[in-house]
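What the coordinates show
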Amino acid sequence: MVRLHALDLVPDLEGQEAVRRDWQALRDAGLPSQLDHTGHSNAPHVTVVSAPHLPEDVVDLARVRLGSLLPVRARSAGLLLLGGERLTVARAVDIEDDVVRRVLAVRVHVPDRQHVGWLPHLTLARRLDRAIAQRAVDVLGHADVELSLTTLRRWDPDRDRVTVVAEARPGA
């Protein structure tokens, strides 16, 4: 299995706590949850791009194109069910058009990226059996959450390392 490198937008502590409440609610209901992923890289995030390799010039481009926008206001909105027989449960994330354009301008420089286009979301659970999907939807409810995405990070699975690429300036 190819391990994917990634660039992610990470919410501030308040936003991370909101996502972790969803993770905990799923676990409390006996359902799969991102809390089950115990790796040190596991934190609430919106993936900008993932690929088998991220060239340094792409990381630099992301720092310039996205880092200058931080913090990014966003809204965690409706639920998404992604996949086939096993599902990923996520919250859709509404983000300003300028941020979307800039993300796409970064993604286009990664020819072996995992997905075409961009569907900003916060993953809540993976490998959910379709038969229990409605239970997950009922547990999670429908309340929207305002988010402040304050950090651009890089995940390097080859080095097992998360590094900060850019952060919002204090008071920004």
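What this report covers is the structure whose coordinates are included nearby. (Residues numbered from 1 in each chain as written. Predicted model: local features only at pLDDT ≥ 70, side-chain atom pairs only at ≥ 80, totals over all residues. Heavy atoms only, no water.)

1. Details of the pattern of salt bridges
For clarity, the threshold we go by: The term salt bridge refers to a pairing of a side-chain nitrogen on Lys or Arg with a carboxyl oxygen on Asp or Glu at a separation within 4 Å. Numbering of helices and strands starts at the N terminus; helices are DSSP runs of H or I of at least 4 residues and strands are runs of E of at least 2. The buried label goes to any residue with under 20% of its type's maximum accessible area, the exposed label to any with over 50%, and the partly exposed label to all in between, with areas taken from a 1.4 Å probe on protein chains only.
By the definition in use, this model includes ten salt bridges. Linking Arg-75 and Asp-94 is a salt bridge whose minimum nitrogen-to-oxygen distance equals 2.5 Å. Taken as a pair, Arg-75 in strand 3 (residues 72-83) and Asp-94 in strand 4 (residues 86-95) lie far apart in primary sequence, 19 residues in all. Between Arg-159 and Asp-156 there is a salt bridge, with the nearest N and O atoms lying 3.0 Å from each other. Judged by its relative accessible area of 55%, Arg-159 falls in the exposed class. For Asp-156, a relative accessible area of 5% translates into the label buried. If you follow the salt bridges from partner to partner, you end up with Arg-75, Asp-94 and Asp-144 in one network.

2. Thoughts on empty space enclosed by the protein
Basically, it comes down to this: The rule is simple: put a 1 Å grid over the protein atoms alone, call a set of points where a 1.4 Å probe fits but cannot get out a cavity, call an open set with protein on both sides within 12 Å along at least five of seven lines a pocket, and count a residue as lining if it has an atom within 4 Å of a point. Grid points are joined across faces, edges and corners, and a volume is the space filled by probe spheres set on the points. Residue classes follow a fixed rule: Ala, Val, Leu, Ile, Met, Phe, Trp, Tyr, Cys and Pro count as nonpolar, while Asp, Glu, Lys and Arg count as charged, and any other residue, Gly among them, counts as polar.
Per the stated rule, a full pass over the model turns up one cavity of 30 Å³ or more. Its volume calculated, the largest cavity comes out at about 50 Å³. Lining the largest cavity, in full, are Trp-23, Gln-34, Asn-42, Ala-43, Pro-44, His-45, Leu-122 and Thr-123. Each residue belonging to the lining of the largest cavity can be placed in one class, and the counts come to four nonpolar, four polar and no charged.

3. A few points about helix 1 (residues 13-28)
Stated precisely, the cut-off is as follows: By definition here, a helix of n residues has an expected span of 1.5 Å times n minus one. This arc describes the spread of directions from the helix axis toward the C-beta atoms. In what follows, residue pairs with any heavy atoms lying within 4.5 Å of each other are defined as contacts.
Relative to the 22 Å expected for 16 residues at 1.5 Å per residue, helix 1 spans 22 Å between its end C-alpha atoms, a close match to the ideal helical length. For helix 1, the set of buried residues is Gly-15, Gln-16, Ala-18, Val-19, Asp-22, Trp-23 and Leu-26. Along the long axis of helix 1, the arc covered by the buried residues comes to 160 degrees, so they all point the same way. Residues Leu-13, Glu-14, Arg-21 and Asp-28 are exposed on helix 1 and point more than 90 degrees away from its buried face. Close packing links the buried residues of helix 1 with strand 1 (5-11), strand 4, strand 5 (121-129), helix 4 (133-140) and strand 6 (145-156). Gly-30 sits one or two positions beyond helix 1 and adopts a positive phi of about 75 degrees.

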